[in-house]
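Residue strings, one per chain:
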Amino acid sequence: WTLGGKFGNGGGGSVTSVTKTGAGTLTINNNIQGANSGGTLVNPGNIFVKSGTMVVDANGVVTTTAYSSIAQTGTDVGTLTLKGNGSFVSGGDLNVGDVGSSSGTLNIQDTASLSVGTGGGFYVGSANTSGSTASGTVNHDAGTVAVNATADARLVIGGRNSAAGTGGTGTYNLSGTGVLNNA
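These numbers were taken from a predicted model, which means no experiment stands behind them.

Q: Would you mind going over unusual backbone geometry in detail, with residue names and values included?
A: Although it is not a glycine, Asp110 sits at a positive phi angle of roughly 55 degrees. On the secondary structure map, Asp110 appears in the loop between strand 13 (103-108) and strand 14 (113-116). Even without being a glycine, Ala127 presents a positive backbone phi close to 50 degrees. Summarising the element assignment, Ala127 is placed in the loop between strand 15 (122-124) and strand 16 (135-140). By relative accessible area, Ala127 is classed as buried at 0%.

Rendered as structure tokens:
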């Protein structure tokens with residue numbers, strides 16, 4: 001699948017979230033916005049990559065207004081790849097492997113960019129609930145990551161908090177010309 005244009009729900013409201021499921025690959029090479037009832041283009045609230053792969057490629061722009069997860073719950077196994085000059089902006093938390101035994105992978109390459117807004121943190125292997133063993137891996141060999149959170153933990157690798165019973169594991173592979181800014 002390739003998403004190459006703007007989409008909406010027929011003007012009956014705004015897009016609340018975009019969820020990728022199934023083993024295939026969804027490629028985004030334009031701005032994903034939906035039209036609200038007034039015809040105004042708005043960004044989705046959340047992006048969830050529950051299985052398979054989502055690729056934000058050349059000219060692809062994804063901007064969310066709330067949190068997003070790569071491998072959100074249960075046994076999800078999802079991958080998000082940012083490449084070319086693709087851009088992903090998370091308005092809230094960005095979780096790579098969120099809860100349950102989910103396993104997420106984030107790849108950042110070329111001149112792609114990732115930005116986490118001031119209202120959220122960047123969690124690699126979040127394991128956000130009791131009993132969670134979620135895992136996350138970030139492979140960042142080029143492009144830029146900016147973590148701009150001001151309210152809570154900014155960049156956490158391997159577990160979200162000190163709550164008893166959480167066992168998240170995370171790996172951040174930074175190499176090549178990749179740039180990581182943790183404000």
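Q: Give me the nonpolar core: which residues, what numbers.
A: Core analysis: the biggest nonpolar cluster contains 26 residues, and Leu82, Leu106, Leu114 and Phe122 have the highest contact counts within it. In this structure Phe122 touches Leu94, Val96, Leu106, Leu114, Val116, Val138, Val145, Val147, Arg154, Leu155, Val156 and Tyr172, once residues within four positions along its chain are discounted.

Q: Give a detailed account of the side chain of Asn107, specifying residues and quantitative values.
A: Mapped onto the secondary structure, Asn107 falls in strand 13. Among the polar contacts listed, one links the side chain of Asn107 to the side chain of Thr81, at a separation of 3.2 Å. In terms of polar contacts, Asn107 uses its side chain to reach the side chain of Asn139, at 3.0 Å. Discounting residues that sit within four places of it in the chain, Asn107 has contacts with Thr79, Leu80, Thr81, Leu82 and Asn139.

Cut-off values and rules
Residues numbered from 1 in each chain as written. Predicted model: local features only at pLDDT ≥ 70, side-chain atom pairs only at ≥ 80, totals over all residues. Heavy atoms only, no water. Helix = DSSP H or I, 4+ residues; strand = E, 2+ residues; numbered from the N terminus. Buried < 20%, exposed > 50% of the residue type's maximum accessible area, 1.4 Å probe, protein only. Core = buried A, V, L, I, M, F, W, Y, C linked by side-chain atoms within 4.5 Å. Contact = heavy atoms within 4.5 Å. Polar contact = N/O pair within 3.5 Å; in protein donor to acceptor, adjacent residues only side chain to side chain.

The values are spatial; any link to function lies outside them.
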